[in-house]
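Descriptive analysis of the structure
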Amino acid sequence: MSIGTKIAWDDTVLPFQLDRPDMRGRIARLDGVLSGVLGQHDYPPAVEALVAEMALLTALIGQTIKLRWKLSLQVQTDGPVRMIATDYYGPTEEGEPARIRAYASFDRDRVTDTRGFDQLGKGYFAILIDQGQGMTPYQGITPIAGASLSDCAASYFAQSEQLPTIFALSYGRSIEPGVPEHWRAGGIMLQHMPKASPFSQDGGSGEEGLLEAHDLVDGDDKENWNRVTMHLGTIEEMELIGPQVAPTELLVRLFHEETPRVFDSQPVKFGCTCSEDRVRQSLSIYSAKDIEKMTTEEGRVTADCQFCGAHYDLDPATLGFEAGDGDS
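Residues numbered from 1 in each chain as written. Predicted model: local features only at pLDDT ≥ 70, side-chain atom pairs only at ≥ 80, totals over all residues. Heavy atoms only, no water.

Let's talk about the state of the cysteines
Heads up, the rule is: A pair of sulfur atoms, both from cysteines and within 2.5 Å, is called a disulfide here.
Tallied over the full model, the rule gives zero disulfides. Free cysteine cysteine 305: the closest other cysteine sulfur is in cysteine 272, separated by 3.6 Å. The cysteine cysteine 308 is free of any disulfide, with cysteine 274 supplying the nearest cysteine sulfur at 3.4 Å.

Some points on the pairing of strand β8 (residues 165-176)
Counted only if it meets this: Pairing between strands is defined by DSSP: at least two bridges between the two strands are required. Think of it this way: any DSSP run of H or I at least four residues long counts as a helix, any run of E at least two long counts as a strand, and we number them from the N terminus.
Where β8 lies against strand β9 (residues 179-192), 11 bridges are found, and the strand directions are antiparallel. If you follow isoleucine 166 over to β9, its bridge partner there is leucine 190.

Some points on helix α8 (residues 276-283)
Rules: Think of it in three bands: with a 1.4 Å probe and only protein chains considered, a residue is buried below 20% of the maximum accessible area for its type, exposed above 50%, and partly exposed in between. Summarising the geometry, the arc corresponds to the directions from the helix axis toward the C-beta atoms. The contact definition used throughout considers only heavy atoms, calling two residues in contact when any of these lie within 4.5 Å.
Restricting attention to buried positions, one finds in α8 the residues Val279, Arg280 and Leu283. The arc enclosing the buried residues of α8, seen along the axis, measures out at 100 degrees, which places them on a common side. Turned more than 90 degrees away from the buried face of α8, the exposed residues are Asp277 and Gln281. Residues of α8 that are buried sit in contact with α9 (288-294), β12 (301-304) and β13 (311-314).

Here's the deal with the packing of aromatic side chains
Quick reminder of the rule: Here a Phe, Tyr or Trp ring, Trp counted by its six-membered ring, pairs with any other such ring whose centre lies within 6.5 Å, and the pair is stacked when the planes are under 30 degrees apart, edge-to-face when over 60, and tilted otherwise. Lysine and arginine charges are scored as sitting over a ring when NZ or CZ, respectively, is within 6 Å of the ring centre and within 35 degrees of the ring normal.
For the structure shown, the criterion picks out four aromatic pairs. Taken together, a centroid distance of 5.1 Å and an interplanar angle of 75 degrees make the contact between tyrosine 156 and phenylalanine 157 edge-to-face. The lysine or arginine in question, arginine 99, covers the ring of tyrosine 89, its NZ or CZ lying 5.0 Å from the ring centre. Above the face of the phenylalanine 307 ring, arginine 101 is positioned so that its terminal group lies 3.8 Å from the ring centre.

Topic: the nonpolar core
Put simply, the rule reads: Nonpolar cores were defined as sets of buried Ala, Val, Leu, Ile, Met, Phe, Trp, Tyr and Cys residues, with membership established by side-chain atoms within 4.5 Å.
Counting 58 residues, the largest nonpolar core has Leu30, Val51, Ile61, Ile84, Phe125, Leu149 and Phe167 as its most contacted members. If you tally residues by element for this core, the top one is helix α3 (residues 45-62), at 12 residues. Within the second largest apolar cluster, 22 residues are counted, among which are Phe16, Leu232, Ala246 and Leu251.

Description of the environment of leucine 216
Tracing the backbone shows leucine 216 in the loop between β9 and α5 (219-232). For leucine 216, a relative accessible area of 0% translates into the label buried. For leucine 216 and glycine 134, which are 82 residues apart along the polypeptide, the C-alpha to C-alpha distance reads 34 Å.

Some details on the pairing of strand β2 (residues 23-30)
Most of β2 is tucked away, with seven of its eight residues classed as buried. Examined bridge by bridge, strand β1 (residues 12-18) and β2 share seven bridges and lie antiparallel to one another. Bridged to leucine 14 within β2 is isoleucine 27. The turn joining β1 and β2, which pair antiparallel and follow one another in sequence, is formed by four residues; a positive phi near 60 degrees is taken by aspartate 22. Two strands pair when backbone bridges link them, and β2 and β9 are joined in this way by eight bridges, in the antiparallel orientation. Residue pairing in the sheet places methionine 23 in a bridge with histidine 192 of β9.

A closer look at the pattern of salt bridges
Applicable threshold: What counts as a salt bridge is simple: a side-chain nitrogen of Lys or Arg found within 4 Å of a carboxyl oxygen of Asp or Glu.
Considering all chains together, one arrives at 11 salt bridges under this definition. Measuring nitrogen to oxygen at the nearest pair gives 3.0 Å for the salt bridge that ties arginine 173 to glutamate 48. With a gap of 125 residues between them, arginine 173 in strand β8 and glutamate 48 in helix α3 connect regions that are remote in the sequence. With its nearest N and O atoms 2.5 Å apart, the salt bridge here joins aspartate 313 to arginine 300. Of the two residues, aspartate 313 is situated in strand β13 and arginine 300 in the loop between α9 and β12; the sequence distance between them amounts to 13 residues. Looking at aspartate 313, the relative accessible area reads 39%, which means it is partly exposed. Take arginine 300: its relative accessible area is 26%, and that puts it in the partly exposed class.

So, the packing of α3 against helix α4 (residues 149-160)
Each pair of packed helices can be described by the angle between their axes along with the distance between the axes. This is how it is decided: For every element, the axis is a line fit to its C-alpha atoms; helices are fit only across the contacting stretch, and the angle between N-to-C directions ranges from 0 to 180 degrees.
Taken N-terminus to C-terminus, the directions of α3 and α4 make an angle of 35 degrees; their axes are 9 Å apart at the nearest point. Along the contact surface, α3 presents Leu50, Glu53, Met54, Leu57 and Ile61, while α4 presents Leu149, Ser150, Ala153 and Phe157.

Focus: the side chain of glutamate 48
Look at glutamate 48 and you get buried, because its relative accessible area is 8%. Excluding its chain neighbours within four sequence positions, the residues that come into contact with glutamate 48 are Leu38, Tyr43, Arg173 and Trp183.

Topic: a negative patch on the surface
Convention followed: The patch calculation keeps residues exceeding 30% relative accessible area without a salt bridge and links them within 9 Å when they carry like charges or within 5 Å when they are nonpolar (Val, Leu, Ile, Met, Phe, Trp, Tyr). Only the protein chains shown count as covering a residue, and every accessible area follows the Shrake-Rupley method with a 1.4 Å probe. Note on charges: Lys and Arg go in the positive column, Asp and Glu in the negative column, and His and the chain ends are not counted at all. To locate a charge, take NZ of a lysine, CZ of an arginine, CG of an aspartate or CD of a glutamate.
A grouping of Glu93, Glu94, Glu96 and Asp264 is seen on the molecular surface, where their side chains present a negatively charged patch. By secondary structure assignment, the location of glutamate 94 is in the loop between β4 (81-89) and β5 (98-106). On the basis of relative accessible area, glutamate 94 is assigned to the exposed category, the value being 70%.

Rendered as structure tokens:
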């Protein structure tokens, strides 16, 4: 594969459809996005892996939202990793890139050298969709379950959306000649179309009775689901991450008998929405007395963005609803 082809597929999400079994899916490749997300923080390896997986899930799921919408994934637990938060901002115009940001909150003293998912305790996995001003945000929650964040996401779709869903993900540090070591990730998300979920059950086969994908398919749909997921199970990790195999080539290898069709790819990039104006707006509800309590010994109010690391240094006299007209 040429360098040009490799670059063309980095930081993209390719939507596709399998006509024979009536399934839809997405293939994502992340490179610069992860460098932007993880380069802002000094995460332990296990936490880095969790954030990389969460960012990849966000890219795969977020591709379905409309222009200017925002999708957020959140994990909150009582384990060493207390929270992981990601945001996907839909493009403002057709053809423009979507933006992804992510961060994790964790107790460094409790993080171990074991795999990332072991750093999570009991808690929940949530998906939130913000359709814009004047619209009520949608929120769905499912318990932390399975052996990975992708298992949690699949459980969410089965439990909350009644959509059979499966993920195949790969992520890790990439070492290439002449290129600094950096994170890469790739993944496939497959879903049966909505009509394939004609019923719900009182209890599923998952942990604590949670529904799983195979609980939602029957008859021909079940046969199709089992066949396609078996094909997906033959994928190799390096095929997902690339750059040796283009996503279009991978679809043909895996699903050539399923009549695959691809649609326009969606570029994604690391991007944060923080700004000085947003910080000022968030502080506008406080009185001068409250602002005084936030003021440092140097006579400034400071704020740091947890997503991108931006640092804001502001004059307290210009903050809050009692602010004067001093210079910032």
